[in-house]
Amino acid sequence: MSEQKILVLTGASRGIGHATVKRFSSEGWRVLTCSRQPFDPRCPWPDAEANHIEIDLADPNMTIAAIESIKARTGGKIHALVNNAGISPKGPGGARLNTLDTDLRTWGHVFHVNFFASVILARGLQDELAAAKGAIVNVTSIAGARVHPFAGAAYATSKAALAALTREMAHDFGPMGVRVNAIAPGEVETSILSPGTDKIVEKLPLQRLGQPREVADAIWYLCSDQASYISGAEIEVNGAQHV
């Protein structure tokens, strides 16, 4: 009997993260879900509660401490780490926070969750990833490459930094046999969408929102053996919005 593969996933409780849990679970993987939300008993997959780790990635000390908890549940191997957690704070009335009016503490909060947590987890779990010849996927954003009408400056720059980190990690983790890639979603139908997104969608070549499962499929592909020679790449999942 082949070993059950293990995914460690941050930002698992909704949207793209939730769809990713479903995708990997359907393939027989065990999914360790990490989110700042406590376990939700409505989650239908097997052993979901035992595989949930409550962690606030905004607190680096808590993130570092969680590594031991994750290691203890994995038996020495992690086949995939997906850094999906991300926050995009807004101003009063949902206003976009730009470089002029984003409080410094907000910059720090966003970067801890969207960027530094990915470094801490990947570095902390490197032995388990190497043992499995595993894969890391960082979830970036179209906002990391262009000014977006709703995504704020701290969010956008944290995602640009995460894209650059993907390149650096692909270089550093490659000799361990660990592949590191990113996916950059565009307008995907999740709770993070702002009012007015419909105006963006009208101008997209595909003229529709993406679905969380379509992003989860791209994550699955990059973690699968089908992508065994792909590392250091960032796949745009945005219906040609970037063109």
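Structure: see above.
The rules we used
Residues numbered from 1 in each chain as written. Predicted model: local features only at pLDDT ≥ 70, side-chain atom pairs only at ≥ 80, totals over all residues. Heavy atoms only, no water. Axes fitted to C-alpha atoms, helices over the stretch in contact; angles between N-to-C directions. Helix = DSSP H or I, 4+ residues; strand = E, 2+ residues; numbered from the N terminus. Parallel < 35°, antiparallel > 145°, perpendicular 65-115°, else oblique. Left-handed = near helix turned anticlockwise from the far one by under 90°. Contact = heavy atoms within 4.5 Å. Nonpolar A, V, L, I, M, F, W, Y, C, P; charged D, E, K, R; others polar. Pairing = 2+ DSSP bridges. Expected span 1.5 Å × (residues − 1). Buried < 20%, exposed > 50% of the residue type's maximum accessible area, 1.4 Å probe, protein only. Core = buried A, V, L, I, M, F, W, Y, C linked by side-chain atoms within 4.5 Å.

(A) Molecular detail of the packing of helix α3 (residues 104-124) against helix α5 (residues 153-173). Two elements in contact, α3 and α5, have axes separated by 9 Å at closest approach and are oriented at 15 degrees. The angle between α3 and α5 places the two elements in the roughly parallel class. Judged by the twist between their axes, the crossing of α3 over α5 is right-handed. Of the residues in α5, those in contact with W107, V110, F111, N114, F115, S118, V119, A122 and R123 of α3 are A153, A154, Y155, T157, S158, K159, A161, L162, L165, M169 and F173. Of the residues contributing to the contact of α3 with α5, the split by class is 14 nonpolar, four polar and two charged.

(B) Spotlight on the sheet that holds strand β6 (residues 179-185). Strand order across the open sheet formed by seven strands is β3-β2-β1-β4-β5-β6-β7, with parallel pairing between neighbours. Among the strands making up the open sheet, the edge pair consists of β3 (52-54) and β7 (234-237). Each strand of the sheet is rotated relative to its neighbour by a mean of 15 degrees, with strand direction disregarded. In terms of strand pairing, strand β4 (residues 80-83) meets strand β5 (residues 135-139) through four bridges, oriented parallel. Its bridge partner being in β5, L81 is matched across the sheet by I136. Strand contacts of helix α1 (residues 15-26): β1 (6-10), β2 (30-35) and β6, with the helix running at about 175 degrees to β1, the strand carrying the most contacts. Lying over the sheet, helix α7 (residues 212-223) contacts β4, β5, β6 and β7, oriented at roughly 165 degrees with respect to β6.

(C) How the structure looks around α7. The first and last C-alpha atoms of α7 sit 17 Å apart over 12 residues, in line with the 16 Å expected at 1.5 Å per residue. Here α7 has its buried residues at P212, V215, A216, A218, I219, W220, L222 and C223. Those residues of α7 hidden inside the fold are in contact with α1, β4, β5, β6 and β7.

(D) Main features of unusual backbone geometry. Even without being a glycine, K133 presents a positive backbone phi close to 50 degrees. Relative to the elements of secondary structure, K133 occurs in the loop between α4 (126-132) and β5. In this structure K133 comes out as exposed when scored by relative accessible area, which is 57%. Not every positive phi belongs to a glycine, and Q207 is a case in point at roughly 55 degrees.

(E) Looking closely at the nonpolar core. I70 and I136 are the most contacted members of the largest nonpolar core, which has 34 residues in total. It is α3 that contributes the most residues to this core, eight residues altogether. Ignoring anything within four residues of it in the chain, the contact list for I136 reads L81, N83, A122, L129, M169, F173, V178, R179, V180 and N181. Counting 23 residues, the second-largest nonpolar core is a separate cluster that includes W29, V82, V139 and I183.

(F) Here's a closer look at α5. Under the 1.5 Å per step criterion, the end-to-end length of α5 is 29 Å for 21 residues, consistent within 8% with the ideal 30 Å. Within the sequence span of α5, burial applies to A153, A154, Y155, A156, S158, K159, L162, L165, T166, M169, A170 and F173. On the buried face of α5, the contacting elements are α3, α4, β5 and β6.

(G) Focus on the environment of G124. Of note, G124 is situated in helix α3. Beyond its immediate chain neighbours, meaning those up to four positions away, G124 contacts I67 and K71.

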